[in-house]
Amino acid sequence: METKKIDTNINEAIEILKSDGLVAFPTETVYGLGANALSETAVKRVFAVKGRPSDNPLIVHVADFEQVKQYVTNFHPLTEKLVDMYWPGPLTLILEPKAGIFPSVVSAGLKTISFRMPNNTKTLALLREANLPLVGPSANTSGRPSPTSAEHVYHDLNGKIEGILDDGSTSIGVESTVLDISDPTKPPMILRPGAITKEQLETDLGIKIALDSYLIKENDTPKSPGMKYKHYSPETNVLMVREEDWHRAVTYAKERQLKVGVMAGPSVAEKVRADTAAVFMYQDDSVEAATRGLFAGLRALDEPLLDLDLILVATFPEEKLGVAYMNRLKKAAAQQYFD
Ligand code: TXA
Ligand code: MG
């Protein structure tokens, strides 16, 4: 099959989706692999083309909160407030829907379903005009870094899906915060960190927000099935480098004649450039820029042509957005620091 790049003709994408086809769509976080969430056939294809384990549930993308009200009746008291503050945006809400609406493959057999209204004009128009809820896992092959551009999607899924709605590079760069509010009697809990941070939620809601204990002690079992899988991993070995260790890390690699790639902001990148084979420089030294560039950098430096022995990546303090950045980076680096 030929994978069609769609720029503006939303109707073309709608046609495909209505006949159980797959169309990748842009969001503010990463690209999603869209399919009709009400069609078991379409959803099964999503699992197949990604090579996704069948016990990993999908997020249902909606055009607005009104749509969610058709599927869910028993809401957590904080739902409306969260929706008013953050939708459209990078916050996924786990809710308990009425039985019998979504095929069980969507939730991988769980009783709960997660919903998100993405903040992208083209995708919101698609959701509205198709008038369908769309599943949207990250549009990568399972295990690879999530796609932050249409080219990344094309690289992984060309020939396996019908279309890609192209809207350039995504602005945030890591997947949405997943917040469990499925039990109205329990406080919300973050199962996956993202751009809506624990600090921000606590300030805006005026309550303490729990983190899934797996995010603190990695040997626990995560409540979000997807978090347990090997993720975001390039073929090349990745090591995390703390700010004070760059000089030692680069010297170490040079002495052993390793071909090294570096991912860091300008202040580090400019210093180490002369001693490394490839540099993927984040736009500036902020954690926002690093988060935006993380997956694109891992993909760029993993190119077989570069033939690198090692990719060294800058760490950030684990607070605010740094929690999400480090969560993804640690998986890519299999927890390994340069020591
Ligand atoms: O930003 C995003 O969320 C992107 C864009 C495309 O919207 N989508 C995304 O989907 O990251 P995916 O499928 O790659 O990740 C969904 C995560 C997985 O870790 C999954 O286990 C978890 O959300 N999840 C989904 N439904 C769940 C549920 N009912 N209970 C617990 N975890 C759930
Ligand atoms: Mg994913």
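What you see is a predicted model; the values in this text were computed from it and never measured.

Caption draft 1: Focus on the overall build of the chain. The helix and strand tally for the chain stands at 11 helices and 15 strands. Whereas a compact globule of 339 residues would reach a radius of gyration of roughly 20 Å, the chain reaches 20 Å, a difference of no more than 12%. Counting only C-alpha atoms, the chain reaches 60 × 50 × 30 Å along its principal axes. Looking at the chain residue by residue over its 339 residues, the buried ones come to 57%.

Caption draft 2: Broad picture of the side chain of Arg52. Mapping Arg52 onto the fold places it in the loop between α2 (40-50) and β4 (59-61). Although Arg52 is buried, it forms no salt bridge, and the closest oppositely charged side chain is Asp55 at an N-O distance of 7.7 Å. At a separation of 2.8 Å, a polar atom in the side chain of Arg52 contacts the main-chain carbonyl oxygen of Pro57. Ignoring sequence-local partners within four residues, the contact set of Arg52 consists of Phe47, Pro57, Leu58, Pro137 and Ser142.

Caption draft 3: Main features of the side chain of Asn56. Relative to the helices and strands, Asn56 resides in the loop between α2 and β4. Assessed through its relative accessible area of 8%, Asn56 is described here as buried. Among the polar contacts listed, one links the side chain of Asn56 to the backbone nitrogen of Gly226, at a separation of 3.1 Å. Leaving out residues up to four positions away in the same chain, Asn56 has contacts with Phe47, Ala108, Pro225, Gly226 and Tyr229.

Caption draft 4: Structural detail: the UniProt feature "domain: YrdC-like" (unreviewed entry) in the chain. Per the UniProt annotation, the sites labelled "domain: YrdC-like" (unreviewed entry) are residues 7-196. Span residues 7-196 is 28% helix and 17% strand, its end C-alpha atoms 29 Å apart.

The rules we used
- Numbering of residues begins from 1 in every chain and follows the order in which that chain's sequence is written.
- Here the convention is simple: chains get letters from A, ligands get numbers from 1, in the order in which they are written.
- Totals for whole chains, interfaces and linings use every residue, but because this is a predicted model, local features are given only for residues with pLDDT of at least 70 and side-chain atom pairs only at 80 or more, for both listing and counting.
- Side-chain measures were taken over the full set of non-hydrogen atoms in the model, leaving aside hydrogen atoms and water.
- The numbering of helices and of strands both runs from the N terminus, where a helix is a DSSP run of H or I of at least 4 residues and a strand a run of E of at least 2.
- Each radius of gyration is computed over the set of C-alpha atoms, and the globule rule expresses the reference value as 2.2 Å times the number of residues to the power 0.38.
- Residue exposure (1.4 Å probe, protein chains only): buried if accessible area is under 20% of the type maximum, exposed if over 50%, otherwise partly exposed.
- Just so you know, the count uses Lys and Arg for positive and Asp and Glu for negative, and it drops His and the chain ends.
- Any carboxyl oxygen of Asp or Glu within 4 Å of a side-chain nitrogen of Lys or Arg constitutes a salt bridge here.
- Polar contacts, as counted here, are pairs of nitrogen or oxygen atoms within 3.5 Å of one another; within protein the pair requires one atom able to donate a hydrogen and one able to accept it, and residues that are adjacent in sequence qualify only if both atoms are side-chain atoms.
- For this analysis, residues touch if any pair of their heavy atoms sits within 4.5 Å.
- UniProt positions are given in the numbering used here, feature names are shortened, and annotations may be inferred rather than shown by experiment.

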